[in-house]
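# Residue-level structural notes
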Amino acid sequence: MDLIRIKNVEKTYKTGVTAIYDLSLNIQKGEFVFIIGSTGCGKSTLIKMLYREEKPTSGIINIGGINVSKLKNRNVYKIRRKIGVVFQDFKLLPKSTVYENVAFALEIFGLPNSEVHSKVIKALELVGLKHKAKNYPHQLSGGEQQRVAIARAIVNGPKLLICDEPTGNLDENTSMEIMKVLDEINKLGTTIIMVTHDTEIVNKMKKRVILLDSGRIVKDYKEGEYVHEGV
Amino acid sequence: MRVFRILGRNIRDSFKSVFRNFSLSLASIACIVITLIVVSIAMILSFNVNNFTKAVERDMTIVAFLNRDVSLERVEEIKDEINVINYVESFTFEDKMTISEEMMEESSDFDSILDKYEEREDNPLLDAFQIKVTDINQIEEVANQISQIDGVYNVKYGEGMVEQLVSVFDIIKKISYGVVIALVIVTAFLISNTIKITIFSRKREIEIMRLVGASNINIKIPFIFEGLFLGLFGSIIPVLATIFGYEALYNTFNGQVISPFIQLIVPLPFTYFVSLALIAIGILVGMFGSWRAVKKYLKI
């Protein structure tokens, strides 16, 4: 069953630059998809449209039955609550503890404290940071901060996790640790879309890979098909 | 239940936030403190001016002298006629016999002169009515009506002087109200701008809130509560300054300025009332400022 249906989507910025041309793409529930391509190929624009940071100029984006392309600004939160987003720069609240950062995503729903607590602890356990719950972000390493961000993204059990270069700031070993966490989350049933530059990771993971160039899909590799031959 | 939980968390988080962003909070609070003190001074001044003008207005009386030959029966009739005139608040009748007795007691000179007139008909003084009006602006009209009454010799109410005083007081009152209102508005925008600067540094926080699925209301409410706390904390010093400062001022001046004619308002409960107004202004202005500031970052 398709979780994401993108049909004839085009995005032209106000500056006149077209980032995405007539793009159609389906992603099934439970898939792990890499989106790769050179800088400026439109991969960031594509995922920004998925979590409705940007609006397509034309076309339809449907995620789990919600027409994201038609969503009004004040209703953006409706889709944001169904998907988790992880960024290269973590985007943690610097003045809140690890626990508070993760709990924050639940508290705005008004869940009872006991439920918030058990879910936060579960999410922190999943990313292996339960023992750092009381620390502040600046007391953690980059990899740990990213794991906190992942915990926050998955704490309310989203169907879709969008990762925008989550390993961009991290060294190779730490990157693989993050990938392990993401793989585990994927195995628990969450669909993951990950934008990356790191072909090394893509090679190792052997997942579906979508190659973008100049705003168009150049190639859609099935699981295990993609092999990067080095530069 | 859910709503209360969210509200409770918002209050808790905004309270924490005031302390976690302490240097920024301090800037907003300092701004509120200074402006509220100015507002307090303006309020105290305007209320005192108002109080003074009211006191003067209360003392304004019309004196109506009666003809020398008016009988006591006629006096009773005149009383009834004054009673039906609009805007008359109260009046007292001063019998010329009583007046002459008082004068005779006061000085031996009067005593030697007035002693001769023991009979009412012979008394050279005039009976008089002292009339107070409910509305100072109607004093001329009332005086005119009284002067029409048969048996009234003439009417005095400080013509000219009264009208001038009334119009001057009116201007002072309007200016002082205007100053208070203008100050409150200026404070609102000043605080709003200060909070805006502090919120600018928290753009990222708002961005993250949006990212994890906070609706606009979810984002606004904590900031509005934060403004409430800033206003509340900011009003503490002005309130203390008002309560203790005004009492000290009152005691130093012995409750009057320049002459006993200009009385200050008694500190209690006056300063409590001003304090309540300051707290209310602080809270409302803090909330308004935050709301206005955060709105700017919710355009997406």
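In short, a report on the structure. (Residues numbered from 1 in each chain as written. Chains lettered and ligands numbered in written order. Predicted model: local features only at pLDDT ≥ 70, side-chain atom pairs only at ≥ 80, totals over all residues. Heavy atoms only, no water.)

### Describing the overall build of chain B
Along the backbone of chain B there are 11 helices and four strands. Taking 19 Å as the expected radius of gyration for a compact globule of 300 residues, we find that chain B reaches 31 Å, considerably beyond that expectation. Its C-alpha atoms put chain B at 100 × 40 × 35 Å along the principal axes. Taken across its 300 residues, chain B has 42% of its residues classed as buried. At a minimum sequence separation of 6, the contacts of chain B that also span at least 24 residues come to 81%. (Helix = DSSP H or I, 4+ residues; strand = E, 2+ residues; numbered from the N terminus. Rg over C-alpha atoms; globule rule 2.2 N^0.38 Å. Buried < 20%, exposed > 50% of the residue type's maximum accessible area, 1.4 Å probe, protein only. Contact = heavy atoms within 4.5 Å.)

### With respect to the interface of chain A and chain B
In this complex, chain A contributes 28 residues to the contact, which on the side of chain B involves 24 residues. Taken together, the links from chain A to chain B amount to two salt bridges. One can count five residue pairs in polar contact (both at pLDDT 80 or more) joining chain A with chain B. Contributions of two or more residues to the side of chain A that touches chain B are made by α2 (76-80), α3 (98-107) and α4 (113-126) of chain A. (Salt bridge = Lys/Arg side-chain N within 4 Å of Asp/Glu carboxyl O. Polar contact = N/O pair within 3.5 Å; in protein donor to acceptor, adjacent residues only side chain to side chain.)

### Details of the sheet that holds strand β2 (residues 18-28) of chain A
Residue and element names in this part refer to chain A. In space, the four strands of this open sheet follow the order β2-β1-β4-β5, with antiparallel pairing throughout. Edge positions in the sheet fall to β2 and β5 (66-67), since each has one partner strand and no second. Where strand β1 (residues 2-12) meets β2, seven bridges bridge the pair, whose relative direction is antiparallel. Each bridged residue has a counterpart across the sheet, and for Arg-5 the counterpart in β2 is Asn-26. (Pairing = 2+ DSSP bridges.)

### A short note on a negative patch on the surface
The grouping of Asp-111, Asp-115, Glu-118, Glu-119, Glu-121 and Asp-122 of chain B at the surface amounts to a negative patch. Residue Glu-118 of chain B is classed as exposed on the basis of its relative accessible area of 61%. (Patch = residues over 30% accessible without salt bridge, like charges linked within 9 Å, V, L, I, M, F, W, Y side chains within 5 Å. Areas by Shrake-Rupley, 256 points an atom, 1.4 Å probe, with all protein chains shown as cover. Lys, Arg positive; Asp, Glu negative; His and termini not counted. Charge placed at Lys NZ, Arg CZ, Asp CG, Glu CD.)

### Thoughts on the pairing of strand β9 (residues 208-213) of chain A
Residue and element names in this part refer to chain A. Across four bridges, the pairing between strand β3 (residues 32-36) and β9 is parallel. Residue pairing across strands places Phe-34 opposite Val-209, the latter belonging to β9. From the end of β9 to the start of strand β10 (residues 216-221), which pair antiparallel, there are two residues, and Ser-214 there has a positive phi angle of about 50°.

### Side note on α3 of chain A
In terms of burial, α3 of chain A is a largely internal element, nine of the 10 residues being buried. Among the residues making up α3 of chain A, those that are buried are Val-98, Glu-100, Asn-101, Val-102, Ala-103, Phe-104, Ala-105, Leu-106 and Glu-107 of chain A. For α3 of chain A, the elements touching its buried residues are α4 and α5 (142-154) of chain A together with α1 (2-20) and α8 (203-211) of chain B.

### Here's the deal with the side chain of Asn-48 of chain B
Note on placement: Asn-48 of chain B falls in helix α2 (residues 22-59). For Asn-48 of chain B, the contacting residues outside a window of four places in its chain are Tyr-246, Gln-263, Leu-264, Ile-265 and Phe-270 of chain B.

### Focus: the sheet that holds strand β7 (residues 160-164) of chain A
All names here are of chain A. The six strands are arranged β6-β7-β8-β3-β9-β10 in an open sheet whose pairing can be described as mixed. Each end of this open sheet is capped by a strand with a single partner; those strands are β6 (83-87) and β10. With strand direction ignored, the average angle separating the axes of adjacent strands in the sheet is 15°. Here β7 pairs with strand β8 (residues 191-195) via five bridges, running parallel. Paired with Cys-163 across the strands is Met-194, a residue of β8. (Axes fitted to C-alpha atoms, helices over the stretch in contact; angles between N-to-C directions.)

### Here we look at the pattern of salt bridges
Enumeration over the complete set of coordinates arrives at 15 salt bridges over all chains. Among the ionic pairs, Lys-11 of chain A bridges to Glu-54 of chain A, the shortest N-O distance being 3.5 Å. Linking Lys-11 of chain A in strand β1 with Glu-54 of chain A in the loop between α1 (43-50) and β4 (58-63), this pair joins segments that are 43 residues apart in sequence. Here Lys-91 of chain A and Glu-207 of chain B are joined by a salt bridge, their closest N and O atoms 3.0 Å apart. Taken together, the residues span two chains, with Lys-91 of chain A in the loop between β6 and α3 and Glu-207 of chain B in helix α8. Among the charged side chains, a network of salt bridges with common partners joins Glu-31, Arg-208 and Asp-220 of chain A.

These figures come from the coordinates and say nothing about function on their own.
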